[in-house]
Amino acid sequence: MQITKYFAKDLFKGKTVFVTGGGSGINLGIAKSFAAVGASVAICGRTQERLDGATKELAALGAKTFAKVADVRQMPALQAAIDETKQVLGPIDVLVCGAAGNFVCRAEDLSPNGFRTVVDIDLIGSFHASRAAFTQLKETRGTILFVSAGMAYMPYAFQLHVGAAKAGIESMMKNLALEWGPYGIRSCSIVPGPIEGTEGMKRLADPKEMQERLRHIPMQRMGTADEIGFAAVFLASPMAAYVTGEQLIVDGGSGLSGSALFNIGAEKMLRR
Ligand code: HXC
């Protein structure tokens with residue numbers, strides 16, 4: 001894996017990383033990056049099948065692994081997974097709150113249960129994980145990383161529910177940095193841009209149209225799950241020991257569109 005060209009293979013040797021929603025997508029990319037630099041990796045998710053596939057990929061990178069079916073909405077199941085991780089792999093040094101749900105829906109069509117479901121998975125699920133892992137993180141003076149999204153600070157059409165949940169996550173991230181800093185626990189978030197091959201992209205964009213839209217991203221391409229993993233490894237590493245309460249945006253500049261109305265118009269005016 002490319003990450004070991006830049007980070008030492010044993011950077012996280014003897015450390016335990018727990019990733020919620022680690023069975024696929026960005027979260028699996030993060031889990032694999034930690035596995036490649038020597039971490040033991042635990043994942044939870046809603047389906048055993050996905051966890052089995054992900055565990056094989058993590059083990060192929062040489063990681064000790066643990067996987068347990070747990071929906072982050074269910075505190076007892078999540079607490080059990082986090083407690084068992086300590087027995088199997090040792091206390092958690094890095095908690096990645098990645099489990100998320102998304103669908104595109106107009107605000108006027110969004111049912112109360114639809115809104116609640118996304119807030120339950122993303123925001124309350126992230127609180128559940130942080131709360132459940134607190135004792136272990138205090139013991140290890142560990143790090144919490146939240147997987148956020150651009151809609152936390154910029155409204156995206158038909159993403160009211162996700163924006164509300166992710167904005168809550170950003171607030172919680174800063175609050176935990178403040179309250180748990182004295183225990184040596186750091187708390188940061190990562191804001192991924194469009195990441196290729198993920199469930200989120202499948203839900204948010206037609207692949208053909210996405211190709212056309214890439215020119216509006218300053219870096220002119222989608223990101224990869226590995227690139228989110230690199231950011232996560234950096235933030236959880238000793239290199240970031242004095243970084244807490246911070247958001248790291250890894251989006252190829254997608255969030256810089258500013259006045260898209262102006263930018264798209266200006267681009268057309270100058271097109272030859
Ligand atoms: C409108 C919808 C809907 C849709 C579900 N609901 N899908 N409303 N449009 N397309 C409503 C349902 O009608 C129901 O409300 C409520 O939401 C709960 O739906 P369930 O299907 O019962 O929920 P559940 O089985 O728990 O599934 C959760 C889910 C689902 C989030 C709704 O889509 C899911 O499991 N997704 C998989 C994970 C995922 O989405 N990953 C991508 C994350 S991407 P009623 O009123 O009918 O009871 C991401 C990145 C964002 O987060 C940033 C990218 C840039």
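Structural data are supplied above this passage.
My aim in this report is to walk through the structure given alongside it, one point at a time. (Residues numbered from 1 in each chain as written. Predicted model: local features only at pLDDT ≥ 70, side-chain atom pairs only at ≥ 80, totals over all residues. Heavy atoms only, no water.)

Okay, the site of the ligand next. Around the ligand, a shell composed of 18 residues is seen, among which Arg46, Arg73, Asn102, Ser111 and Asn113 lie nearest. For the ligand, an oxygen atom lies 2.7 Å from a polar atom in the side chain of Arg46. Asn113 has a polar side-chain atom sitting 2.8 Å from an oxygen atom of the ligand. Notes on the ligand: free accessible area 1,100 Å², of which the protein chains cover 62%. (Near = heavy atom within 4 Å. Polar contact = N/O pair within 3.5 Å; in protein donor to acceptor, adjacent residues only side chain to side chain. Areas by Shrake-Rupley, 256 points an atom, 1.4 Å probe, with all protein chains shown as cover.)

Looking now at the packing of aromatic side chains. Tallying each qualifying case throughout the model produces three aromatic pairs. Consider the rings of Phe134 and Trp180, whose centres lie 4.5 Å apart with planes at 40°: the pair is tilted. Taken together, the residues span a long stretch of sequence, with Phe134 in helix α4 (residues 112-140) and Trp180 in helix α5 (residues 160-180) at a distance of 46 residues. Note on accessibility: Phe134 and Trp180 belong to one class, buried. Between Phe134 and Tyr183, the aromatic rings sit 5.4 Å apart at their centres with planes inclined by 70°, giving edge-to-face as the arrangement. Linking Phe134 in helix α4 with Tyr183 in the loop between α5 and β6 (186-192), this pair joins segments that are 49 residues apart in sequence. Residue Phe134 is classed as buried on the basis of its relative accessible area of 14%. The class for Tyr183 is partly exposed, based on a relative accessible area of 33%. By way of ring pairs, the aromatic residues Phe134, Trp180 and Tyr183 are connected into one cluster. (Phe/Tyr/Trp six-rings, centres within 6.5 Å; stacked < 30°, edge-to-face > 60°. Helix = DSSP H or I, 4+ residues; strand = E, 2+ residues; numbered from the N terminus. Buried < 20%, exposed > 50% of the residue type's maximum accessible area, 1.4 Å probe, protein only.)

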